[in-house]
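Architecture and fold: a report
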Amino acid sequence: MPSITVEPCTFALFGALGDLALRKLFPALYQLDGAGLLHEDTRIIALAREPGSEQEHLAFIASELRRYVGAELDEAVAERFLARLSYLHVDFLKADDYVALAEMAGSAQRVIAYFATPAAVYGAICENLSKVGLAENTRVVLEKPIGSDLESSRKVNDAVAQFFPENRTYRIDHYLGKETVQNLIALRFANSLFETQWNQNYISHVEITVAEKVGIEGRWGYFDKAGQLRDMIQNHLLQLLCLIAMDPPADLSADSIRDEKVKVLKALAPISPEGLTTQVVRGQYIAGYSEGKPVPGYLEEPNSNTQSDTETFVALRADIRNWRWAGVPFYLRTGKRMPQKLSQIVIHFKEPSHYIFAPEQRLQISNKLIIRLQPDEGISLRVMTKEQGLDKGMQLRSGPLQLNFSDTWRSARIPDAYERLLLEVMRGNQNLFVRKDEIEAAWKWCDQLIAGWKKSGDAPKPYAAGSWGPMSSIALITRDGRSWYGDI
Ligand code: BG6
């Protein structure tokens, strides 16, 4: 039996027939049920605008659940889980449609309203929940993207804040729910070994790569308005950067952690107009190969606008203006249609201060801490050792001290990020959710890049699908005398 207890709730899922709900949220709730982490009185109400009968929609949700959970689905758990579900047709903008929701929620002590809908309707949903008396005990969960710049994100946040206080507002960045991302906190703050080295005296630079093999996957309509900077850097990569760069929080409370993250975001150096050409690379994939098969370019994807100059790749150098990180570049890189799915952070430590080995070996001397977020989750510390053998002299080589999570904890399945996040919402713990000022500080930094790109009018650089991005992303780092780790 689980060692944590979860209170009962009515879980109202807006946008219940959308891709996110079907692919991630229902399977995550099912897994929580299987793990004994849904209270027996918890009910789930699926809300959507689509016409059709309740029976038909519930049958569809059930078949999609089976599809996405796959072979590991346990029929007994699935039956118990599906029995918790009901379906309600609502027009999100019509207050009258919420009366039935209020009746169904009845005397529930806790309602969780999850918005898997476009952010443009968050304000209206909040207002309507309040009109039917559902604002008091409700926690609201907001999916990204919240706005497309600082101004629009403020509007959304302000609209929500009229009805729900910050301590009942949960903004999702699903990367924060990944086990390996939470592990960054443990790695950094439960091991004194690293903290003493974690600054500009010992670290030369940091790389954060989040590469995806997939292309746009039928999401052209959304993605083309966003682009890789808004879709990935503004949230996931900046969150990773914060967790690596933040100072130790006073405790594990949500606000202590978030206070430290905000300080990092505020310390990010703005990128000058010249920096836009030397420090930032935008790319867009053209036709190429993925796993040996030909794949179309971004502009040839179904429903594409052939004139689009939306970026599907960004690489950049970010600098943090504070005592800990002065002079330590953070190289961020993310793209669609890369050769492999890989999320990885590499911390490059400086060379020893006095070098005593053969000059030709000098280049390989530097410890690296490689944190693999996905796949093959684990941590590896590259250390220098001597090659064995009488004939080897003091020949050096770099080898790993390795911790592979799935080999080490063989029995444990790695939960999906949404399982953790939904559980934490039910427990009322906000430390894996993004506070309003964090989102705003991240937008502020990204807005200057977007404005700079707009002003320059430069088109993104092409790169072949299946490659590691435009050549200029390699130049970006080699210009500083470095290279992307393991490239690859
Ligand atoms: C989402 C982005 O937030 O993250 C997607 O909108 C991206 O474009 C996805 O594919 C990547 O998430 P993960 O967990 O597969 O790395």
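Definitions and limits used
Residues numbered from 1 in each chain as written. Predicted model: local features only at pLDDT ≥ 70, side-chain atom pairs only at ≥ 80, totals over all residues. Heavy atoms only, no water. Helix = DSSP H or I, 4+ residues; strand = E, 2+ residues; numbered from the N terminus. Rg over C-alpha atoms; globule rule 2.2 N^0.38 Å. Buried < 20%, exposed > 50% of the residue type's maximum accessible area, 1.4 Å probe, protein only. Contact = heavy atoms within 4.5 Å. Areas by Shrake-Rupley, 256 points an atom, 1.4 Å probe, with all protein chains shown as cover. Lys, Arg positive; Asp, Glu negative; His and termini not counted. Charge placed at Lys NZ, Arg CZ, Asp CG, Glu CD. Domains from an automatic or database assignment. Buried area = accessible area lost by both parts, 1.4 Å probe. Salt bridge = Lys/Arg side-chain N within 4 Å of Asp/Glu carboxyl O. Phe/Tyr/Trp six-rings, centres within 6.5 Å; stacked < 30°, edge-to-face > 60°. Lys NZ or Arg CZ within 6 Å of the ring centre and 35° of its normal. Core = buried A, V, L, I, M, F, W, Y, C linked by side-chain atoms within 4.5 Å. Patch = residues over 30% accessible without salt bridge, like charges linked within 9 Å, V, L, I, M, F, W, Y side chains within 5 Å. Pairing = 2+ DSSP bridges. Axes fitted to C-alpha atoms, helices over the stretch in contact; angles between N-to-C directions. Near = heavy atom within 4 Å. Polar contact = N/O pair within 3.5 Å; in protein donor to acceptor, adjacent residues only side chain to side chain. Nonpolar A, V, L, I, M, F, W, Y, C, P; charged D, E, K, R; others polar.

**Focus on the overall build of the chain**
- Across its full length, the chain carries 15 helices and 17 strands.
- Against the 2.2 N^0.38 benchmark of 23 Å for 488 residues, the chain shows a C-alpha radius of gyration of 24 Å, consistent with a compact globule.
- In terms of overall dimensions, the chain has C-alpha extents of about 80 × 55 × 45 Å along its principal axes.
- The proportion of buried residues among the 488 residues of the chain is 52%.
- For the chain, the share of sequence-separated contacts (at least 6 apart) that also reach a separation of at least 24 residues comes to 77%.
- When the accessible surface of the chain is summed, it comes to about 22,100 Å², and 52% of that surface belongs to carbon and sulfur atoms.
- Separation between the mean location of the 56 positive side-chain charges and that of the 61 negative ones in the chain comes to 5 Å.

**A word on the domain arrangement of the chain**
- For the chain, the assigned domains are domain 1 (9–143) and domain 2 (176–478).
- Using C-alpha coordinates to define each centre, domain 1 is positioned 33 Å away from domain 2.
- Taken residue by residue, the interface counts 17 residues in domain 1 and ten residues in domain 2.
- Of the roughly 1,200 Å² buried at the junction of domain 1 and domain 2 (both faces included), carbon and sulfur atoms supply 75%.
- The three residues of domain 1 that bury the most area against domain 2 are Lys24, Leu32 and Arg139, which together make up 33% of that side's buried surface.
- Summed over the shared surface of domain 1 and domain 2, the number is one salt bridge.

**Some details on the packing of aromatic side chains**
- Under the counting rule described, the total for this entry stands at 16 aromatic pairs.
- Cluster of aromatic residues (ring-pair linked, three or more members): Trp220, Phe223, Tyr285, Tyr298, Phe313 and Tyr463.
- Directly above the aromatic system of tyrosine 175 lies the positively charged group of lysine 178, at a separation of 4.6 Å from the ring centroid.
- Over the face of the ring belonging to tryptophan 453 we find arginine 282, whose NZ or CZ atom lies 4.6 Å from the ring centre.

**A look at the nonpolar core**
- Formed by 130 residues in total, the largest nonpolar core has its most connected members in Phe14, Phe26, Leu129 and Phe330.
- Sorting elements by how many residues they give to this core places helix 9 (residues 220–245) first, with eleven residues.
- Taken together, domain 1 (9–143) and domain 2 (176–478) each give at least three residues to this core, which thus spans both.
- Ignoring any residue separated from it by four or fewer positions in sequence, one finds phenylalanine 26 in contact with Leu13, Ala16, Ala21, Ile44, Ala46, Ile61, Leu65, Phe81 and Leu85.
- In terms of nonpolar packing, the next biggest core, distinct from the first, is built from 19 residues, Ile216, Val281, Phe313 and Trp468 among them.

**Some words on a nonpolar patch on the surface**
- Taken together, the side chains of Ile356, Phe357 and Met394 present a nonpolar region at the surface, about 300 Å² in accessible area.
- Isoleucine 356 sits in the exposed class, given a relative accessible area of 61%.

**Side note on the sheet that holds strand 3 (residues 85–89)**
- Spatially, the six strands line up as an open sheet ordered 3-2-1-4-5-6, and their pairing is parallel. Looking at the sheet topology across the chains shown, the edges are occupied by strand 3 and strand 6 (169–171). The sheet shows a mean angle of 20° between the axes of neighbouring strands, direction not considered.
- Sheet topology note: the strand 1 (residues 10–14)/strand 4 (residues 111–115) ladder contains five bridges and is parallel. What sits directly across from phenylalanine 11, in strand 4, is isoleucine 112.

**Details of the site of the ligand**
- Neighbouring residues of the ligand: Lys144, His174, Tyr175, Lys178, Glu212, Arg219, Asp231, Met232, His236, Lys336, Lys341 and Gln374.
- Lysine 144 places a side-chain nitrogen or oxygen 2.7 Å from an oxygen atom of the ligand.
- Tyrosine 175 places a polar side-chain atom, nitrogen or oxygen, 2.5 Å from an oxygen atom of the ligand.
- In isolation the ligand exposes 400 Å². Once the protein is present, 79% of that is buried.
- Classifying every residue of the shell around the ligand gives two nonpolar, three polar and seven charged.

**A closer look at the environment of alanine 28**
- Structurally, alanine 28 can be placed in helix 1 (residues 19–34).
- Owing to a relative accessible area of 2%, alanine 28 belongs among the buried residues under this scheme.
- In sequence terms alanine 28 and leucine 423 are 395 residues apart; their C-alpha atoms lie 9.3 Å from each other.
- Ignoring anything within four residues of it in the chain, the contact list for alanine 28 reads Tyr418, Glu419 and Leu422.

**Topic: the side chain of threonine 310**
- Its location among the elements puts threonine 310 in the loop between strand 10 (293–295) and strand 11 (313–318).
- A polar contact of 2.7 Å, which involves the side chain of threonine 310, links it to the backbone oxygen of aspartate 224.
- Setting aside residues no more than four positions away along its own chain, threonine 310 makes contact with Phe223, Asp224, Gly227, Arg282, Gln284, Tyr298 and Pro460.

**Points about the pattern of salt bridges**
- Taken as a whole and judged by the stated rule, the model has 36 salt bridges.
- Where lysine 24 meets aspartate 416, a salt bridge forms, and the shortest distance between an N and an O atom there is 3.2 Å. Of this pair, lysine 24 sits in helix 1 while aspartate 416 sits in the loop between helix 12 (405–408) and helix 13 (417–427), and the two are 392 residues apart along the sequence.
- A relative accessible area of 27% places aspartate 416 in the partly exposed class.
- With a shortest N-O distance of 3.6 Å, aspartate 158 and lysine 436 are connected by a salt bridge. With aspartate 158 in helix 6 (residues 150–161) and lysine 436 in helix 14 (residues 436–456), the pair connects residues that are 278 residues apart, well separated along the chain.
- Look at the salt bridges and you will find they share partners, linking Lys144, Glu212, Arg219, Asp231 and Lys336 into a network.

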